[in-house]
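Chain residues, written in single-letter form:
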Amino acid sequence: MPKINAATIDEHKEQTRSALLAAAARSFVANGLSATSIGVLADEAGIARTTVYEYFPNKEAVLAALIDERLPPIIDQIVDRLPEASSATRLSEILRRSYAMVRSYPVEAKLLFRVSRELPKPQRDQAWSVFDRIRIEMVRLCRDGIASGEFPAMDPQALGTIVADHLVGGIDEMSVRGEEEAEIVAESRIEFLRSGLRVGVAS
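Please read these numbers as outputs of a predicted model, since none were measured by experiment.

(A) A look at the side chain of Lys-59. By the element assignment, Lys-59 lies in helix H4 (residues 59–79). For the buried Lys-59, no salt bridge is present, and the opposite-charge side chain at shortest range is Glu-60, 5.2 Å distant. A distance of 3.0 Å separates a polar side-chain atom of Lys-59 from the backbone oxygen of Leu-33. In terms of polar contacts, Lys-59 uses its side chain to reach the backbone carbonyl oxygen of Ser-34, at 3.4 Å. In contact with Lys-59, other than residues within four places in its own chain, are Phe-28, Leu-33, Ser-34, Thr-36, Ile-38 and Leu-41.

(B) Region of interest: the packing of aromatic side chains. As enumerated under the stated definition, the model contains three aromatic pairs in all. With a centroid separation of 6.0 Å and 85° between ring planes, the pair formed by Phe-113 and Phe-131 is classed as edge-to-face. On the criterion of sequence distance, the pair formed by Phe-113 in helix H6 (residues 106–113) and Phe-131 in the loop between helix H7 (121–128) and helix H8 (132–148) is long-range, its members being 18 residues apart. Taking relative accessible area as the criterion, Phe-131 reaches 1% and is therefore assigned buried. Between Trp-128 and Phe-131, the aromatic rings sit 6.0 Å apart at their centres with planes inclined by 65°, giving edge-to-face as the arrangement. Here the two residues Trp-128 and Phe-131 agree in accessibility, since each one is buried. Put simply, the rings of Phe-113, Trp-128 and Phe-131 pair up and form one aromatic cluster.

(C) Broad picture of the pattern of salt bridges. Within this structure, the stated rule accounts for 18 salt bridges. Between Arg-70 and Glu-108 there is a salt bridge whose closest N-O contact spans 3.1 Å. Residue Arg-70 is found in helix H4, and its partner Glu-108 is found in helix H6; the two are separated by 38 residues along the sequence. Classification of Glu-108 as buried rests on a relative accessible area of 13%. For the salt bridge of Asp-125 with Lys-121, the shortest nitrogen-to-oxygen distance reads 2.6 Å. Taken as a pair, Asp-125 and Lys-121 lie in helix H7 at a separation of four residues, close to a single helical turn. Linked through salt bridges whose partners overlap, the residues forming this network are Glu-173, Arg-177, Glu-181 and Arg-189.

(D) Molecular detail of the nonpolar core. Of all hydrophobic cores here, the largest spans 62 residues; its most connected members are Phe-28, Leu-91, Leu-111, Phe-113, Ile-134, Met-138 and Val-163. In terms of residue count, H4 provides more of this core than any other element does, 10 residues in total. Not counting chain neighbours up to four residues away, the residues in contact with Val-163 comprise Leu-91, Leu-95, Met-138, Cys-142, Leu-193 and Leu-197.

(E) Structural view of helix H10 (residues 182–198). Taking 1.5 Å of rise per residue, the 17 residues of H10 would be expected to cover 24 Å, and the 25 Å separating its terminal C-alpha atoms lies within 8% of that figure. Of all the positions in H10, only Ala-182, Val-185, Ala-186, Arg-189, Ile-190, Leu-193 and Leu-197 are classed as buried. Buried residues of H10, viewed axially, fall in a sector of 125°; they line one side. Those residues of H10 that are exposed and angled more than 90 degrees off the buried face are Ile-184 and Phe-192.

(F) Structural detail: unusual backbone geometry. We note that Arg-81 has phi near 55°; this positive angle belongs to a residue other than glycine. Turning to its location among the elements, Arg-81 is positioned in the loop between H4 and helix H5 (87–104).

Rules used in this analysis
Residues numbered from 1 in each chain as written. Predicted model: local features only at pLDDT ≥ 70, side-chain atom pairs only at ≥ 80, totals over all residues. Heavy atoms only, no water. Helix = DSSP H or I, 4+ residues; strand = E, 2+ residues; numbered from the N terminus. Buried < 20%, exposed > 50% of the residue type's maximum accessible area, 1.4 Å probe, protein only. Lys, Arg positive; Asp, Glu negative; His and termini not counted. Salt bridge = Lys/Arg side-chain N within 4 Å of Asp/Glu carboxyl O. Polar contact = N/O pair within 3.5 Å; in protein donor to acceptor, adjacent residues only side chain to side chain. Contact = heavy atoms within 4.5 Å. Phe/Tyr/Trp six-rings, centres within 6.5 Å; stacked < 30°, edge-to-face > 60°. Core = buried A, V, L, I, M, F, W, Y, C linked by side-chain atoms within 4.5 Å. Expected span 1.5 Å × (residues − 1). Arc of directions from axis to C-beta.

Spatial relationships are all this shows, so hold off on functional conclusions.
Structure, rendered in structure tokens:
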């Protein structure tokens, strides 16, 4: 059970909250949301059960805080400074970076793509809003590719949704097939995307 030592009340509160979030991340990834109780979180963090409620009203709020605080900087790495290239190449790079993120940040990836699926729909939608920056960039790139004739003529919002779903499907596939096949999944998903985007484009 971890001990918390701090010089001030504010520092103690910050350390307690950090210990609680770290414990929650471990427990949620290992056991899922439904199988993790407030008591388990308290024991894992080394605090009283009543103390948990001083920071969060329930375990769903703990999960939301983990996603809100940990995922945005990772999402930024995926969409920032994309190469100056075709829309298809940029979309492929988003997939490549996303699949690399799953391998580099396995805890955060599981919190968003696996554990948050146990949330009720309104809370699940809120948790997944962190993914909106990727969706928005995908739609923008689809719009550019359609306008330039690089992609077939269709609704860019619909095409962006298809691409985003393809990305998430790859993440799900990676979780099933395991680390040893992660690179194969990533490359096959990227190639399938590039091939699909060319379908229907006049040569």
